[in-house]
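For reference, the chains in residue letters:
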Amino acid sequence: MSLATIGFLVGGFVLLVGGAETFVRGASRLAIRFGISPLVIGLTVVAFGTSSPEIAVSVQSAATGSPELALGNVLGSNICNILLILGLSATFAPLIVNEQLVRLDVPVMVGVSFLVLFLSIDGAIGRIDGALLFLGAVGYTSFLIRQSRAEGKAEADAAAEDSTGVSGGPLLSLVLIVAGLALLVVGSRWLVGGAVQVAALFGVSELVIGLTVVAIGTSLPELATSVVAAIKGERDIAVGNVVGSNIFNLLLVLGTAGVVAPDGIPVANAALRFDIPVMVAVAVACLPIFFSGHRIDRWEGLLFVGYYFAYTAYLVLASAQHDALPVFSAGMGLFVIPLTAVTLLIIGMRSWREKRREAHVRH
């Protein structure tokens, strides 16, 4: 691998992370100044900001003739966000799941994951599919804003009062937003160029590179935000950031890429048979864990991390057509996955019984 390729990859990652941080800072300052509630800032501005590397990379990939990289980036980022980022965050400290996330945002994430699976059955995410997903992002964001205005007017008023402590004025916020976007654009071009060269060098498909190297790189803002939030005790933010980012990845990122790609985004058989179902399964697995006491314990976090390494190992073995692949797949299919499914079922049933018992006591 040439030094230029390594430079493009590393430089692209650095610019993406720096651009996302600068963009989030500017957008948050501007939102606070205009009196937008902290809840909406977290679910929209921060979630969109941490998803901005995925947007930049996927749109750049789709527009320059590498649509498989765009699809792999979105699928890999969503799997990485839940298994690796939530898992690592929970290992530092058990995560508290906000009531609204359990009732609204997690079911939305699961529903959108199934929608992407349905749209992919014909082998492509076309422009009409992309437009549908993009409109879903607009509708979801609008709903959050309306809900915040209906339920959190006091929070919005408090945010407006707090804006007096934001120094520099709106102009500085706009400068930070523009600078962040510029870094994202340049970083995405470098990262996509380097990733395509790596795929060609090692004979690996762009889909696999997108699912692994690019996905982890573009998920760095979510990783930093969630782990730091967990360490600081702001554990609901750690979960909300991941859930919100996953929803934006599927609706906004994949939708925009589908519209921009000249011939849509082709969905390879490998992605349709394995990667998309894994993404859906990971989203569904959140339901019993999130509902059980509204928290993610350390052992559940370790389980998530273990699954992420197993998923990555499968991708590496499959891309190399390694002799160990059949044994590895059999072990996962016959023992690990069924055992986890039974565990999740027990957790869900236990939570359901506890809620029924509490309801009975109230009456």
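The structure under discussion appears in the preceding block.
Residues numbered from 1 in each chain as written. Predicted model: local features only at pLDDT ≥ 70, side-chain atom pairs only at ≥ 80, totals over all residues. Heavy atoms only, no water.

**So, the side chain of N78**
Item 1. In this fold, N78 is placed in helix α3 (residues 67-92).
Item 2. Judged by its relative accessible area of 3%, N78 falls in the buried class.
Item 3. In this view, N78 contacts N246, N249, L250 and M279; residues no more than four positions away in its chain are not counted. (Helix = DSSP H or I, 4+ residues; strand = E, 2+ residues; numbered from the N terminus. Buried < 20%, exposed > 50% of the residue type's maximum accessible area, 1.4 Å probe, protein only. Contact = heavy atoms within 4.5 Å.)

**Some points on helix α12 (residues 298-320)**
Because each turn of an α-helix spans 3.6 residues, side chains separated by three or four positions end up pointing in the same direction.
Item 1. Taking 1.5 Å of rise per residue, 23 residues should cover 33 Å, and α12 covers 33 Å from first to last C-alpha, within 8% of that figure.
Item 2. E300, G301, F304, V305, Y307, Y308, A310, Y311, L315 and L317 are the residues of α12 that are buried.
Item 3. Looking one or two residues beyond α12, the residue adopting positive phi is Q321, at roughly 50°. (Expected span 1.5 Å × (residues − 1).)

**Section: the nonpolar core**
Item 1. Of all hydrophobic cores here, the largest spans 65 residues; its most connected members are I82, L86, L95, M109, V239, F290 and I296.
Item 2. Counting residues per element, the ones that place at least two in this core are α2 (38-63), α3, α4 (99-120), α5 (127-151), α8 (206-218), α10 (235-260), α11 (269-291) and α12.
Item 3. Sequence-distant contacts of I296, defined by excluding residues within four places in its chain, comprise L86, A90, P94, L95, V97, V239, I289, F290 and G301.
Item 4. Counting residues in each nonpolar core, the second largest holds 15 residues, with F13, A195, V204 and V208 among its members. (Core = buried A, V, L, I, M, F, W, Y, C linked by side-chain atoms within 4.5 Å.)

**Details of the packing of α3 against α8**
To characterise two packed helices, one gives the angle between the axes of the helices and the distance between these axes.
Item 1. Two elements in contact, α3 and α8, have axes separated by 7 Å at closest approach and are oriented at 50°. Of the possible angle classes, the one that applies to α3 and α8 is oblique. The interaxial crossing formed by α3 with α8 has right-handed handedness. Judged by residue contacts, E68, L69, G72, N73, L75, G76, S77 and C80 of α3 engage E206, L207, I209, G210, L211, V214, A215, I216 and T218 from α8.
Item 2. Within the contact of α3 with α8, the residues separate by chemical class into nine nonpolar, six polar and two charged. (Axes fitted to C-alpha atoms, helices over the stretch in contact; angles between N-to-C directions. Parallel < 35°, antiparallel > 145°, perpendicular 65-115°, else oblique. Left-handed = near helix turned anticlockwise from the far one by under 90°. Nonpolar A, V, L, I, M, F, W, Y, C, P; charged D, E, K, R; others polar.)

**A few points about the packing of aromatic side chains**
Item 1. For the coordinates displayed, the defined rule picks out four aromatic pairs.
Item 2. With a centroid separation of 6.3 Å and an interplanar angle of 75°, the aromatic rings of Y140 and F248 are classed as edge-to-face. Separated by 108 residues along the polypeptide, Y140 in helix α5 and F248 in helix α10 bring together distant segments of the chain.
Item 3. A relative accessible area of 8% means that Y140 is categorised as buried.
Item 4. When its relative accessible area of 5% is taken as the criterion, F248 is described as buried.
Item 5. Arranged with centres 6.4 Å apart and planes meeting at 65°, the rings of Y308 and F309 form a pair that is edge-to-face.
Item 6. Residue Y308 is classed as buried on the basis of its relative accessible area of 3%. (Phe/Tyr/Trp six-rings, centres within 6.5 Å; stacked < 30°, edge-to-face > 60°.)

In short, geometric facts, not functional conclusions.
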